[in-house]
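An overview of the molecular structure
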Amino acid sequence: MSKAEQTRQFIIEKSAPVFNIKGYENTSLTDIQEATRLTKGAIYGNFSDKNELAVAAYNYNASLIYERISQCIDNCSSSAAALIAYGNFYAQKWEAVSVFGGCPMLNAAVEADDHLHFLREHVRHSFQKFMDLLHSTIQKGVADKEFKTDINAKEYAALIHSVVEGNILLSKIMNDPRYLKLAARHIKRIVEQELLQ
C-alpha cells in the first residue's frame, strides 16, 4: 500500500470501533480525532465527509465479523457442525464482541433503516452475504446427503441468521448472554430435527 492508502486504512481501523460503540450518527469528528490522533485536515484529506468514513468503517467492521465466522465454518468437518458452530459463535465470544459494541450489522441496521439511508445498501449487502454463506453451507449438506433433499435452503438460511441476530439484540439490551445460548440451542434443534437425514 502507498503511504496515502496506509493512512486511510489506519483511520478506518481506528474509527471503526468508535462508530460501532457510539453509533454512526453520534460519532463526532472530535471522537475520530481522539481515536486516530490526527487533525481534521488529515482526516478530511482522506475522506470527503463523515458519511464516506462511516461507510468505510461499517464495511470494515462487517468484514471482520464475516471473516471470523467464515473461518469458524470452514474449520468444521460437516455442514451440520458448521451451522451449529455459527449458532455458538456469538455465545462463545460474547464478552469480546460486547466490548467492541456488539454486532456491527445489527447496530448499523437500526440507524440505516431509520434515517442514515446512505448506509442502508451496505447493511443489506452484509446481511445478504451472511445468509448466502448459510445458504451455501446448507446446500453443501444437501449435496453431501447429510441434509434432507426437500428442504428450502434459502428459508432455513434466513431463519438461522434471524435467530442469531434477534438473540444478539436481546442479549445486548438485557445485558445477558444467556439469550445467545438460547439461540445456539435452538439452531442445534433445527439442524438435528429438521435438516439432518
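The structure under discussion appears in the preceding block.
These notes cover the structure that comes with them.

Structurally, the position occupied by Thr-137 is in helix H7 (residues 120–143). For Thr-137, the residues in contact, after removing those within four places along its chain, are Ile-73, Ser-79, Ala-82, Leu-83 and Phe-147.

A word on the pattern of salt bridges. Taken as a whole and judged by the stated rule, the model has six salt bridges. In this structure, the salt-bridge partner of Arg-124 is Glu-121, at a minimum N-O distance of 2.7 Å. Of the two residues, Arg-124 and Glu-121 both sit in helix H7, three residues apart, roughly one turn of that helix. Note on Glu-121: relative accessible area 52%, which makes it exposed. Of the charged contacts in the structure, one is a salt bridge between Lys-188 and Glu-192, with a shortest N-O distance of 2.7 Å. Taken together, the positions of Lys-188 and Glu-192, both in helix H9 (residues 178–195) and four residues apart, correspond to about one turn of that helix.

Examined against the element boundaries, Glu-34 turns out to sit in helix H2 (residues 29–36). A sequence separation of 160 residues divides Glu-34 from Glu-194, and the C-alpha atoms of the two residues are 50 Å apart.

So, about H7. For H7, with 24 residues, the first-to-last C-alpha span of 34 Å sits near the 34 Å given by 1.5 Å per residue. Among all positions of H7, only Val-123, Ser-126, Phe-127, Phe-130, Leu-133, Leu-134, His-135, Thr-137, Ile-138 and Gly-141 are buried. The secondary structure elements touched by the buried residues of H7 are helix H4 (50–74), helix H5 (79–99), helix H6 (104–114) and helix H8 (153–174). Positive backbone phi, at 60 degrees, marks Lys-145, one or two positions downstream of H7.

All of the buried residues along H6 are Pro-104, Met-105, Leu-106, Asn-107, Ala-108, Glu-111 and Ala-112. Summarising the contacts, the buried residues of H6 are in contact with helix H1 (3–22), H4, H7 and H8.

Let us now look at the packing of aromatic side chains. Aromatic rings considered in pairs are described by the distance between their centres and by the relative angle of their planes. Counted by the stated rule, this structure contains four aromatic pairs. Ring centres of Tyr-66 and Phe-130 lie 5.3 Å apart, and the angle between their planes is 85 degrees; on these two criteria the pair is classed as edge-to-face. One end of the pair, Tyr-66, is in helix H4; the other, Phe-130, is in helix H7, and 64 residues separate them in sequence. Given the relative accessible area of 19%, Tyr-66 is considered buried. Ring pairing ties together the aromatic residues Phe-19, Tyr-24 and Tyr-58, which thus form one cluster.

A separate point is unusual backbone geometry. Although it is not a glycine, Lys-145 adopts a positive phi angle of roughly 60 degrees. In this structure, Asn-175 is a non-glycine residue whose phi angle is positive, near 55 degrees. Since its relative accessible area comes to 65%, Asn-175 is described here as exposed.

At a closest axis distance of 8 Å, the pairing of H1 and H4 adopts a crossing angle of 80 degrees. Between H1 and H4, the angle is such that the two are roughly perpendicular. Facing Arg-8, Gln-9, Ile-11, Ile-12, Glu-13, Ser-15, Ala-16, Pro-17, Phe-19 and Asn-20 of H1, the residues of H4 in contact are Lys-50, Glu-52, Leu-53, Ala-54, Ala-56, Ala-57, Tyr-60 and Asn-61. Here the contact of H1 with H4 is built from residues that sort into ten nonpolar, four polar and four charged.

Time to look at the nonpolar core. Of all hydrophobic cores here, the largest spans 58 residues; its most connected members are Ile-69, Tyr-90 and Ile-138. When residues of this core are traced back to their parent elements, those giving at least two are H1, H2, H4, H5, H6, H7, H8 and H9. Considering each element in turn, this core owes the most residues, eleven residues, to H4. Setting aside chain neighbours within four positions, we find Ile-69 in contact with Tyr-86, Phe-89, Tyr-90, Phe-130 and Leu-133.

Among the secondary structure elements, Asn-20 is positioned in helix H1. Polar contacts involving the side chain of Asn-20 include one to the main-chain carbonyl oxygen of Gly-102, which spans 3.1 Å. Among all residues touching Asn-20, those that are not within four sequence positions of it are Asn-61, Phe-100, Gly-101, Gly-102, Cys-103, Pro-104 and Asn-107.

The rules behind the values
Residues numbered from 1 in each chain as written. Predicted model: local features only at pLDDT ≥ 70, side-chain atom pairs only at ≥ 80, totals over all residues. Heavy atoms only, no water. Helix = DSSP H or I, 4+ residues; strand = E, 2+ residues; numbered from the N terminus. Contact = heavy atoms within 4.5 Å. Salt bridge = Lys/Arg side-chain N within 4 Å of Asp/Glu carboxyl O. Buried < 20%, exposed > 50% of the residue type's maximum accessible area, 1.4 Å probe, protein only. Expected span 1.5 Å × (residues − 1). Phe/Tyr/Trp six-rings, centres within 6.5 Å; stacked < 30°, edge-to-face > 60°. Axes fitted to C-alpha atoms, helices over the stretch in contact; angles between N-to-C directions. Parallel < 35°, antiparallel > 145°, perpendicular 65-115°, else oblique. Nonpolar A, V, L, I, M, F, W, Y, C, P; charged D, E, K, R; others polar. Core = buried A, V, L, I, M, F, W, Y, C linked by side-chain atoms within 4.5 Å. Polar contact = N/O pair within 3.5 Å; in protein donor to acceptor, adjacent residues only side chain to side chain.

None of this, on its own, says anything about what the molecule does.
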